[in-house]
Amino acid sequence: MPSPTHAAAGHLLLDAEALYAELLRGVRALLTPGTRLAGITSGGAWLAQRLQRDLGQQDAPGVLSSALHRDDFARRGLASSAQTQLPFDVNGADILLLDDVLYTGRTVRAVLNELFDYGRPARVRLAVLVDRGGRELPVAAEFAAARIALPASQSLALARSASGLFHFDVKEA
């Protein structure tokens, strides 16, 4: 089986579906009976929805938007992404936060602020598909399916096909 990340002709190739299988394995190991899944819009929410189904969890996952707590809100404004939906009580909850790509840590910081607007969880952990380094804040994932290095001039985001299969979009910033 090919590696989910490998170099070919000087380019990094990421197999999002293979990385998702690794994330599923890692998340399964992190779950406790009361753990609730919550994904960061949009890639993390897609991951949370698929994980909820693949793990056989009955409860719907939460969706967290960083829009209202971003430190660049004045420049970005409200994104057209989904709004926060938490179909569970945050107070005292064990929450596993999911995201597609961890980079500077600023989105995670904003999402934590959003989450605490809804209550005080007992514990919040972070699992990501890809940790690309480049942290500006002291944020670390408890589990990352892959750790890679990308130049700051490139952006990496999870995308999904109409059939629900994952792939990555890599763009020059």
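What you see is a predicted model; the values in this text were computed from it and never measured. (Residues numbered from 1 in each chain as written. Predicted model: local features only at pLDDT ≥ 70, side-chain atom pairs only at ≥ 80, totals over all residues. Heavy atoms only, no water.)

(A) Just the packing of helix 1 (residues 16-30) against helix 2 (residues 43-54), in detail. With their axes 11 Å apart at the nearest point, helix 1 and helix 2 run at an angle of 65 degrees to one another. Classified by chirality, the crossing of helix 2 by helix 1 is right-handed. Across from Glu 17, Tyr 20, Leu 23, Leu 24, Val 27 and Arg 28 in helix 1, the residues of helix 2 making contact are Leu 47, Arg 50, Leu 51 and Asp 54. The class makeup of the residues in the contact of helix 1 with helix 2 is six nonpolar, no polar and four charged. (Axes fitted to C-alpha atoms, helices over the stretch in contact; angles between N-to-C directions. Helix = DSSP H or I, 4+ residues; strand = E, 2+ residues; numbered from the N terminus. Left-handed = near helix turned anticlockwise from the far one by under 90°. Contact = heavy atoms within 4.5 Å. Nonpolar A, V, L, I, M, F, W, Y, C, P; charged D, E, K, R; others polar.)

(B) Local environment of the packing of aromatic side chains. One pass over the structure, following the stated rule, counts one aromatic pair. Pairing Tyr 20 with Phe 166 gives two aromatic rings, centres 5.7 Å apart and planes at 55 degrees, and the pair type is tilted. Of this pair, Tyr 20 sits in helix 1 while Phe 166 sits in strand 9 (residues 166-172); the two residues are 146 residues apart in sequence, bridging distant segments of the chain. Both residues of the pair, Tyr 20 and Phe 166, count as buried. Over the ring of Tyr 20 we find Arg 50, and its NZ or CZ is 4.2 Å from the ring centre. Sitting over the ring of Tyr 103, Arg 132 keeps its end group 3.8 Å from the ring centre. (Phe/Tyr/Trp six-rings, centres within 6.5 Å; stacked < 30°, edge-to-face > 60°. Buried < 20%, exposed > 50% of the residue type's maximum accessible area, 1.4 Å probe, protein only. Lys NZ or Arg CZ within 6 Å of the ring centre and 35° of its normal.)

Just distances and angles here, no functional claims.
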